[in-house]
Amino acid sequence: MAVFKCPSCGLDKTLPDRFADRRVRCPQCGAVSLVVPDAVDLHLEDVIGPEPQERGPERTHAAITEAELSRALDADLRPRLVEGGAVRNVAGGLAAGALAVLFSLAVGLLIFSHEGLLGHFPHAVSMALVSAVAMGLAVALTSRIAFAAAGPETMTGVVLFLLAGYVQQRMAGAPGEAVLATALGAFAVCGLFTGVLLLAAGLSRSSDRVRYVPIQAVGGVLAAVGLMLVVQAFGAALGRSVCLGDIVVRYFEADLCLRWAPALGLGLAVFVVMRWVRNSYALAVLLAAAIGACHGYLRWQGIDLEQARAMGWLFEALPAQAPWASIQDMAFLERIDWLVIADCAGYVLALGGLVACSAMIRISEMEVITGRPVDLDGEFRVLGVGNILCALAGGIPGTLSLDRSLGNRGAGASGVLAGLVGTAVCAVALVFSGQWLPLLPRFVPAGLLAALGISLLWRWLVETRTRFTHRGDYALLLLVFLLTVSLGLLPGLAIGAALAMLVTAVRYGSVSVVRLEMSGASYHSSTDRTPAQQAVLRRKGDQIHMLTLQGFIFLGTTNRLIERITARLHDQEREPLRFVLLDFTYTSGLDSSVAISFIRMKQIAKSGGFRLVFTNVPLEVEAQLSRAGCVLSDEDGGSITATSLDYALEWTEDHILDDAGELHQEQRPLPELLAPVFPEPGLIPLLMKVLARVALPRGKVVFRQGDAPDAMYFIESGTVNVEMALEEGRHMRLRKLGPGAVFGEMGLYTAAPRTATVTTAEDCVLFRLPARAMPLLQHKRPDLASAVHRFVVALLAERVGTTNATLREVLR
């Protein structure tokens with residue numbers, strides 16, 4: 001077998017041997033990694049053993065495309081058809097389908113509970129069940145969450161309920177058919193927009209950005225949605241539109257209590273089962289018992305079905321003609337008032353945003369409960385396709401249901417078959433809705449609305465009290481909840497988003513934009529300096545101040561940056577400030593208003609007598625700042641740019657050394673350069689006889705990264721750059737070495753390939769010690785060989801000490 005392990009998300013899957021030694025893109029996060037042979041399959045003699053006498057043909061692989069590998073991994077992640085057994089899947093699918101029918105009916109009843117739309121309740125039934133079929137089919141066939149349940153949900157139902165009320169208010173006095181057509185048209189627009197939004201987020205792999213939405217604002221709105229559901233559950237039980245004030249004033253009368261009390265009692269029982277039992281069978285048994293108890297009570301009281309319908313206990317019979325058939329003709333489309341739908345843009349945007357946020361929250365909770373990562377992009381694509389199908393088929397928008405999904409998981413409905421069976425149950429219920437709906441007690445869907453409302457209130461007003469680590473988060477949630485309840489959904493969303501953005505800005509502003517702050521006295525460039533030059537830099541290097549920036553930079557964070565620079569400028573206990581280096585390696589972007597702060601920094605630099613050096617600034621960012629009036633590379637304005645922090649640091653060090661008269665050293669022969677540092681100075685003339693002189697022009701490659709090691713080099717004159725090749729054709733300079741320096745010393749001791757490329761930065765004179773000469777020296781002149789070994793050890797120890805000092809400065 002072969003093994004694929006993603007370094008980013010940790011996905012670990014086994015594949016057939018034919019996929020080994022191939023690179024593949026992870027189906028969950030998109031990172032590319034290598035498929036390797038499984039070491040568990042190897043025997044000890046395969047790893048350690050005698051050299052075989054005859055080598056067989058090397059293993060070859062058939063041409064395998066990345067798409068084929070991705071499909072293999074993707075197929076391994078998808079739920080199997082009968083995961084957990086066929087019987088459990090069929091039984092679980094039947095229970096899940098029955099629950100989906102009742103929950104969908106409850107949402108449809110909520111949407112059409114306005115006075116002007118109550119007469120069109122058959123449309124609510126058909127639209128809700130069409131949505132259950134479309135969403136159920138999309139999730140069953142394409143989702144990787146084996147037990148996922150999707151369809152019309154209370155959160156979408158509340159938004160559509162408010163949208164229908166707005167349409168009815170705007171079209172007051174218009175014919176009922178026109179109001180209905182416009183409302184259904186608005187529902188279709190909501191479904192299309194939501195589907196396209198989710199699909200685009202999934203295809204562009206940007207769904208994870210939804211995780212950055214402040215949960216306080218979303219939680220406050222969802223808690224308000226829960227209260228609206230509880231209120232509307234009273235209306236659903238009574239068959240009329242109600243408000244919170246009506247419930248307090250009128251609905252505690254004895255005759256009305258008899259109508260809504262069963263719904264509230266059932267809602268509490270359903271809430272307990274959904275919250276703590278989480279098993280579809282238990283919930284289905286509870287609802288079946290409630291229906292049976294209602295019919296038993298009617299029989300006991302001698303009330304026939306017609307009398308029960310007249311009393312409001314049961315639903316009215318549906319018309320013989322399919323209710324969605326009337327929307328297929330052009331006359332229906334001509335009744336739609338598109339200007340009114342255009343005015344509903346706020347509700348359309350709110351629905352799309354709430355569906356995206358709630359889906360993200362529910363998928364994240366499923367990840368925690370199952371202990372397995374879920375591809376958020378993939379699930380967004382599934383929901384996007386499902387909502388588009390709902391809109392085109394005449395349904396209402398839908399999303400994932402957390403409670404019903406966990407109920408399916410508890411019942412063992414973990415295969416594709418369970419989802420298909422549940423979808424088939426919804427389809428059968430849609431076709432035969434005229435037969436079963438007149439037998440359903442009205443308080444059952446009303447009780448489901450109450451249960452879902454109580455669940456939202458419990459989740460966001462009770463459980464979050466212990467989940468938030470900051471007290472202000474819960475206070476903000478409560479504030480958004482109260483504002484949404486008192487002002488309405490759209491104002492609550494807008495104010496909540498504004499408050500959450502304000503809190504986020506305050507907290508983000510408290511995070512320092514400075515990742516590292518270092519002094520040139522202890523942090524040096526990679527250029528190799530003489531002892532005299534190092535002494536100057538230790539004494540005068542504090543004139544260089546380095547700031548490595550991080551994150552997204554906006555106007556608020558740059559103010560603190562200016563304060564740091566100003567404080568360093570006026571620090572009388574330190575060397576006068578001459579250079580400030582601002583490194584942008586770890587920044588993710590700049591706000592357009594930042595140009596104002598950088599112009600201010602340049603003004604401070606000009607008046608303070610120091611130079612600003614901007615390093616690692618992306619070209620597009622530099623161009624953006626230039627268009628905003630801030631030219632970074634402007635020597636007259638007190639600032640320049642450099643390609644990297646190391647080159648900028650070398651440039652500033654050269655200025656300090658030049659002022660101290662230590663930049664240009666007198667050229668000396670190699671024996672004089674080695675005399676202060678070689679362990680046995682008397683052996684230097686003998687060493688010079690072993691070395692071979694090599695003169696190289698500027699830009700000549702001494703050796704390349706990956707070459708076989710064959711020699712060690714001493715520099716007599718000139719400088720060389722030591723660079724390492726990185727990914728995507730980039731290079732990083734490790735060191736710049738000058739006269740008296742040594743490089744390539746590891747070539748004397750190991751057969752490992754060269755780890756860097758060395759190129760002459762100017763005309764150079766080098767002396768080469770071949771690796772093959774060392775065994776001869778060890779045999780004929782062990783004293784010289786020992787001196788060379790001690791020299792290399794001292795050189796490596798010095799480099800380790802320098803690295804430790806740099807780390808201390810970075811971690812300070």
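Residues numbered from 1 in each chain as written. Predicted model: local features only at pLDDT ≥ 70, side-chain atom pairs only at ≥ 80, totals over all residues. Heavy atoms only, no water.

1. Let's talk about the sheet that holds strand β11 (residues 639-642)
The strands making up a sheet are joined through hydrogen bonds of the backbone, oriented either antiparallel or parallel.
Phase 1: Taken together, five strands build an open sheet; the order of strands is β7-β8-β9-β10-β11 and the sheet is mixed. A strand with exactly one partner marks an edge of an open sheet, and here the two such strands are β7 (514-519) and β11. If you compare each strand with its neighbour and ignore which way they point, the axes differ by 20° on average.
Phase 2: Summarising the sheet, strand β10 (residues 611-615) and β11 pair through four bridges and their orientation is parallel. What sits directly across from V613, in β11, is I640. (Pairing = 2+ DSSP bridges. Helix = DSSP H or I, 4+ residues; strand = E, 2+ residues; numbered from the N terminus. Axes fitted to C-alpha atoms, helices over the stretch in contact; angles between N-to-C directions.)

2. Brief notes about the pattern of salt bridges
Phase 1: Enumeration over the complete set of coordinates arrives at 18 salt bridges.
Phase 2: Put simply, R459 and D403 hold a salt bridge, and the shortest N to O gap is 3.4 Å. One end of the pair, R459, is in helix α19 (residues 443-467); the other, D403, is in helix α16 (residues 402-411), and 56 residues separate them in sequence. Residue R459 shares its accessibility class with D403, and that shared class is buried.
Phase 3: Each of R144, D375 and R381 takes part in one network of salt bridges that share partners. (Salt bridge = Lys/Arg side-chain N within 4 Å of Asp/Glu carboxyl O. Buried < 20%, exposed > 50% of the residue type's maximum accessible area, 1.4 Å probe, protein only.)

3. Comments concerning the nonpolar core
Phase 1: The biggest cluster of nonpolar side chains holds 131 residues, and the ones touching the most others in it are F112, L163, F187, L287 and F380.
Phase 2: Beyond its immediate sequence surroundings of up to four residues, F380 is in contact with L198, L199, A201, G202, S207, V210, A356, A359 and M360. (Core = buried A, V, L, I, M, F, W, Y, C linked by side-chain atoms within 4.5 Å. Contact = heavy atoms within 4.5 Å.)

4. Looking at unusual backbone geometry
Phase 1: The backbone phi angle of R205 is positive, close to 55°, even though this residue is not glycine.
Phase 2: Within the element layout of this structure, R205 appears in the loop between α6 (176-203) and α7 (215-238).
Phase 3: Overall, R205 belongs to the partly exposed group, its relative accessible area being 40%.
Phase 4: Unlike most non-glycine residues, R278 shows phi in positive territory, near 55°.
Phase 5: The residue R278 is located in the loop between α9 (254-277) and α10 (280-300) in this model.

5. Quick word on the sheet that holds strand β17 (residues 742-743)
Phase 1: Taken together, four strands build an open sheet; the order of strands is β12-β19-β14-β17 and the sheet is antiparallel. A single partner strand is all that each edge strand has here, and the edge strands are β12 (692-696) and β17.
Phase 2: Two elements, strand β14 (residues 711-717) and β17, share two bridges in a ladder whose sense is antiparallel. When the bridges of β17 are listed, F714 appears paired with V742.

6. Quick notes on the packing of aromatic side chains
Phase 1: The tally for this structure, following the rule as stated, stands at 16 aromatic pairs.
Phase 2: Taking the centre distance of 6.4 Å and the plane angle of 75° together, the rings of F112 and F187 count as edge-to-face. In this pair, F112 is assigned in the loop between α3 (86-111) and α4 (121-142) and F187 in helix α6, connecting sequence segments 75 residues apart. Neither residue differs from the other here; F112 and F187 are each classed as buried.
Phase 3: Three or more aromatic residues joined by ring pairs make a cluster, and in this case those are F271, W276 and W458.
Phase 4: The residue whose ring lies beneath R409 is F147, and the NZ or CZ to ring-centre distance is 5.9 Å. (Phe/Tyr/Trp six-rings, centres within 6.5 Å; stacked < 30°, edge-to-face > 60°. Lys NZ or Arg CZ within 6 Å of the ring centre and 35° of its normal.)

7. Let's talk about the pairing of strand β9 (residues 579-590)
Phase 1: Among the twelve residues in β9, nine count as buried, and that is most of the element.
Phase 2: You can see the chain leave strand β8 (residues 544-553), run along helix α23 (residues 555-569) and come back into β9, and the turn it takes is right-handed.
Phase 3: Where β9 lies against β10, five bridges are found, and the strand directions are parallel. In the sheet register, L582 faces β10, and the bridge partner there is F614. (Right-handed = clockwise from strand over helix to strand, strands pointing away.)

8. Re the confidence of the model for the protein
Phase 1: Summary statistics for the protein give a mean pLDDT of 81 and a share of 82% for residues scoring 70 or more.
Phase 2: The low-confidence segment residues 38-66 (pLDDT under 50) makes 19 contacts with residues lying over four places distant or belonging to another chain.
Phase 3: Note that residues 68-76 has pLDDT below 50 and, in this model, 20 contacts with residues that lie over four places away or in other chains. (pLDDT = per-residue confidence, 0-100.)

9. Examining α6
Phase 1: Compared with an ideal rise of 1.5 Å per residue, which puts 28 residues at 40 Å, α6 spans 40 Å between its outermost C-alpha atoms and is within 8% of the ideal.
Phase 2: Just downstream of α6 lies R205, where phi reads positive at about 55°. (Expected span 1.5 Å × (residues − 1).)

10. Things to note about the state of the cysteines
Phase 1: Per the stated rule, a full pass over the model turns up zero disulfides.
Phase 2: Not engaged in a disulfide, the cysteine C190 finds its nearest cysteine sulfur in C344; these two sulfurs lie 7.7 Å apart. (Disulfide = S-S within 2.5 Å.)

11. Quick notes on a nonpolar patch on the surface
Phase 1: A cluster of nonpolar side chains, namely V272, W276, W458 and V462, defines an oily patch on the protein surface of about 380 Å² accessible area.
Phase 2: The set of elements that each furnish at least two residues to the nonpolar patch consists of α9 and α19.
Phase 3: When you line up the elements, V272 lands in helix α9. (Patch = residues over 30% accessible without salt bridge, like charges linked within 9 Å, V, L, I, M, F, W, Y side chains within 5 Å. Areas by Shrake-Rupley, 256 points an atom, 1.4 Å probe, with all protein chains shown as cover.)

12. Here we look at the side chain of T587
Phase 1: Secondary-structure assignment places T587 in strand β9.
Phase 2: Among the polar contacts listed, one links the side chain of T587 to the backbone oxygen of F584, at a separation of 2.8 Å.
Phase 3: Apart from the residues lying within four places of it in its own chain, the contact partners of T587 are L549, Q550, G551 and I553. (Polar contact = N/O pair within 3.5 Å; in protein donor to acceptor, adjacent residues only side chain to side chain.)

13. Thoughts on the environment of L766
Phase 1: Among the structural elements, L766 can be located in strand β19 (residues 764-770).
Phase 2: Each C-alpha atom, one on L766 and one on L696, is 7.7 Å from the other, the two residues being 70 residues apart in sequence.

14. Details of the packing of α7 against helix α20 (residues 471-487)
The geometry of a pair of packed helices is captured by two quantities: the angle between their axes and the separation between those axes.
Phase 1: Taken N-terminus to C-terminus, the directions of α7 and α20 make an angle of 45°; their axes are 7 Å apart at the nearest point. Taken together, the axis directions place α7 and α20 in an arrangement best described as oblique. Crossing of α7 against α20: the hand is right-handed. Along the contact surface, α7 presents Q216, A217, G219, G220, V221, A223, A224, L227 and M228, while α20 presents D473, L476, L477, V480, F481, T484 and V485.
Phase 2: Of the residues contributing to the contact of α7 with α20, the split by class is eleven nonpolar, four polar and one charged. (Parallel < 35°, antiparallel > 145°, perpendicular 65-115°, else oblique. Left-handed = near helix turned anticlockwise from the far one by under 90°. Nonpolar A, V, L, I, M, F, W, Y, C, P; charged D, E, K, R; others polar.)

15. Digging into the packing of α3 against helix α17 (residues 416-431)
Phase 1: Axis separation between α3 and α17 bottoms out at 7 Å; the angle between their running directions is 40°. The angle between α3 and α17 falls in the class oblique. As α3 packs across α17, the resulting crossing turns out to be right-handed. Seen from α3, the contacting residues are A86, N89, V90, G93, L94, G97, A98, A100 and V101; seen from α17, they are L417, A418, V421, G422, V425, C426 and A429.

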